[in-house]
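Chains, contacts and geometry: an overview
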Amino acid sequence: MKSDRPTQTQIPSLRALWKEAFGDTDAFLDIFFSTAYDPCRCRCITEDNRVLAALYWFDVTCENQSFAYVYAVATA
């Protein structure tokens, strides 16, 4: 298994995992992947180039403290 940033070719697998885990529509995922998605703020676990798990985050500052807002954590 490998943990790394996703590649462009893994986006269909990321979308499929998200749909399986959360039931969101293609329309929602189109918006997410065209506006909020950044491979630098995503990590996925792969094996033989298959996406087994993924998570995403936004960098956030609140009351002068920096942290990551982690969301959409999913495993196959």
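Shown above is the structure to which this text applies.
Residues numbered from 1 in each chain as written. Predicted model: local features only at pLDDT ≥ 70, side-chain atom pairs only at ≥ 80, totals over all residues. Heavy atoms only, no water.

The next point concerns the nonpolar core. Ranked by size, the top nonpolar core spans 17 residues in total, and within it Leu 14, Trp 18, Phe 32, Phe 33, Tyr 37 and Tyr 56 carry the most contacts. Taken together, the elements giving at least two residues each to this core come down to helix H1 (11-22), helix H2 (26-36), strand E2 (42-47), strand E3 (50-62) and strand E4 (65-75). Not counting the four nearest positions on each side in its chain, Tyr 56 is found in contact with Leu 14, Trp 18, Phe 32, Phe 33, Tyr 37, Arg 41, Cys 42, Tyr 69, Val 70, Tyr 71 and Ala 72. (Core = buried A, V, L, I, M, F, W, Y, C linked by side-chain atoms within 4.5 Å. Buried < 20%, exposed > 50% of the residue type's maximum accessible area, 1.4 Å probe, protein only. Helix = DSSP H or I, 4+ residues; strand = E, 2+ residues; numbered from the N terminus. Contact = heavy atoms within 4.5 Å.)

Look at H1 against H2: their axes get within 11 Å of each other, and the N-to-C directions meet at 130 degrees. Taken together, the axes of H1 and H2 lie oblique to each other. Read as a crossing pair, H1 and H2 show a hand that is right-handed. Contacts between H1 and H2 pair Ile 11, Leu 14, Arg 15, Trp 18 and Lys 19 from the former with Asp 26, Phe 28, Leu 29, Asp 30, Phe 32 and Phe 33 from the latter. (Axes fitted to C-alpha atoms, helices over the stretch in contact; angles between N-to-C directions. Parallel < 35°, antiparallel > 145°, perpendicular 65-115°, else oblique. Left-handed = near helix turned anticlockwise from the far one by under 90°.)

On their own, these measurements won't tell you what the molecule is for.
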